[in-house]
Amino acid sequence: MRGWWREFAGLMLPVSCGGCGRPRTALCPPCAAELSGTGPGRVRPSPEPRGLPAVHAAVPYEGAVRALLVAHKERGALPLARPLGEALAAAVEAAAGPVDATGDSPLLLVPVPSSRRSVRARGHDPTRRIALAAAGRLRRSGRVARVLPVLRQRRRVADQAGLGARGRLANLAGALEAGRDGVRLLDEAARAGGRVVLVDDLMTTGASLAEAARALTAARDSVHRPFNPGLPDSPERAAAEALFEQPVAAVVASSPASFEINRNSRGSCVVAGGER
């Protein structure tokens, strides 16, 4: 009910830009340009948690981008889901790589789940909403894409705000799982040759994405058991292995420092695919 009322109110009440507060528009052209950025890039937090998949982010988490994500997540500025989803779609395409020869290998967007407590408090699930918008944008561009919200929290976790990298890892360790229905959906996706892309609105320490990747690996290992290592793999298990062999992830934003992914001995750094 709360989510429905927010959408209705957004249509009827005066709006202002979620990025800068400019009146009579949910997203002004300068803030939209900042959200579009110069193109997605590979990002890595420091320290990088064990098991973190390769992550691409659309833009740095600063300025108007930060304000837009907060407005959507915490203040229920639901019309922002579409432009945020378009930014996420660009990161998904960068993470997943070019279309295969047939052009129909499906992209399977798996959102990092919010806690039920957070969803109730906010009145919506911001990451899932942005993921749905991203899938829509990908389909309009000709890619086969769908959202598979197969992960769920298996236990309560503390609020991540205020926790450092080590604290976030400990807080989330073993917290996620794919339910029985989720495993079935992933199995069907494997048979169809899909590519899983973990998605989130923001990466800070990488703890959430690392835990989500672990949960997906556990789901993969539960497919088609019992498995006898002494016998040849079944086609179904081979498909499941291929589905998660190289997990990737995409986010709308990450810290500016995380865009600097590699420093060589001469001091240059690789940023978004090029040297700076």
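The structure reproduced in this document is the subject of the present report. (Residues numbered from 1 in each chain as written. Predicted model: local features only at pLDDT ≥ 70, side-chain atom pairs only at ≥ 80, totals over all residues. Heavy atoms only, no water.)

Some points on the overall build of the protein
Then comes step 1: A tally of regular secondary structure across the protein gives 10 helices and 11 strands.
Then comes step 2: Sequence-distant contacts, at least 24 apart, represent 72% of the contacts inside the protein between residues at least 6 apart. (Helix = DSSP H or I, 4+ residues; strand = E, 2+ residues; numbered from the N terminus. Contact = heavy atoms within 4.5 Å.)

A short note on the sheet that holds strand β7 (residues 195–203)
Then comes step 1: Here six strands make up an open sheet; going across it, the order is β1-β2-β8-β7-β3-β4 and the pairing mixed. The two strands at the open ends of the sheet, each matched to only one other strand, are β1 (41–43) and β4 (145–147). Put simply, the sheet's adjacent strands are angled 35 degrees from each other on average, direction ignored.
Then comes step 2: Here strand β2 (residues 54–60) runs beside strand β8 (residues 248–254); their pairing, made up of six bridges, is parallel. Bridging from a neighbouring strand, Val 59 pairs with Ala 253 of β8.
Then comes step 3: Each of β2, β3 (107–111), β7 and β8 is contacted by helix α4 (residues 81–96), which is oriented at about 140 degrees to β8, the strand it contacts most. (Pairing = 2+ DSSP bridges. Axes fitted to C-alpha atoms, helices over the stretch in contact; angles between N-to-C directions.)

Looking at the packing of α4 against helix α6 (residues 126–140)
Then comes step 1: With their axes 7 Å apart at the nearest point, α4 and α6 run at an angle of 65 degrees to one another. As α4 packs across α6, the resulting crossing turns out to be right-handed. For the pair α4 and α6, the contacting residues are Ala 81, Arg 82, Leu 84, Gly 85, Glu 86, Leu 88, Ala 89, Val 92 and Glu 93 in the first and Arg 129, Ile 130, Ala 131, Ala 133, Ala 134, Arg 137, Leu 138 and Arg 140 in the second.
Then comes step 2: Of the residues contributing to the contact of α4 with α6, the split by class is 10 nonpolar, one polar and six charged. (Left-handed = near helix turned anticlockwise from the far one by under 90°. Nonpolar A, V, L, I, M, F, W, Y, C, P; charged D, E, K, R; others polar.)

Structural notes on the pairing of β8
Then comes step 1: Counting buried positions along β8 yields seven of seven residues, so the element is predominantly enclosed.
Then comes step 2: Where β7 meets β8, six bridges bridge the pair, whose relative direction is parallel. Note on β8: the bridge partner recorded for Met 203 is Ser 254. (Buried < 20%, exposed > 50% of the residue type's maximum accessible area, 1.4 Å probe, protein only.)

Overview of α4
Then comes step 1: Relative to the 22 Å expected for 16 residues at 1.5 Å per residue, α4 spans 21 Å between its end C-alpha atoms, a close match to the ideal helical length.
Then comes step 2: For α4, the complete set of buried residues consists of Ala 81, Pro 83, Leu 84, Gly 85, Ala 87, Leu 88, Ala 89, Ala 91, Val 92, Ala 95 and Ala 96.
Then comes step 3: Looking at the residues trailing α4, positive phi occurs at Gly 97, about 85 degrees. (Expected span 1.5 Å × (residues − 1).)

A look at α6
Then comes step 1: For α6, which comprises 15 residues, the first-to-last C-alpha distance of 21 Å matches the rise-based estimate of 21 Å (1.5 Å per residue) to within 8%.
Then comes step 2: Every buried residue of α6 is listed here: Pro 126, Thr 127, Ile 130, Ala 131, Ala 134, Ala 135, Gly 136 and Leu 138.
Then comes step 3: Where α6 terminates, the next one or two residues include Gly 142, which has phi positive at roughly 100 degrees.

Points about unusual backbone geometry
Then comes step 1: A cis amide bond, omega 5 degrees, links Ser 46 with the succeeding residue Pro 47.
Then comes step 2: If you trace the backbone, Pro 47 turns up in the loop between β1 and β2.
Then comes step 3: Even without being glycine, Arg 24 reaches a positive phi, approximately 70 degrees.

Digging into the pattern of salt bridges
Then comes step 1: Taken as a whole and judged by the stated rule, the model has six salt bridges.
Then comes step 2: The residue Glu 48 makes a salt bridge to Arg 44 at a minimum N-O spacing of 3.8 Å.
Then comes step 3: You can call Arg 44 partly exposed: its relative accessible area is 29%. (Salt bridge = Lys/Arg side-chain N within 4 Å of Asp/Glu carboxyl O.)

Concerning the side chain of Asp 200
Then comes step 1: In this fold, Asp 200 is placed in strand β7.
Then comes step 2: This buried residue, Asp 200, is left without a salt bridge; Lys 73 holds the nearest opposite charge, at 5.9 Å.
Then comes step 3: When near neighbours in sequence (up to four residues on either side) are disregarded, Asp 200 contacts Leu 88, Val 112, Thr 127, Ser 208, Leu 209, Ala 250, Val 251 and Val 252. (Lys, Arg positive; Asp, Glu negative; His and termini not counted.)

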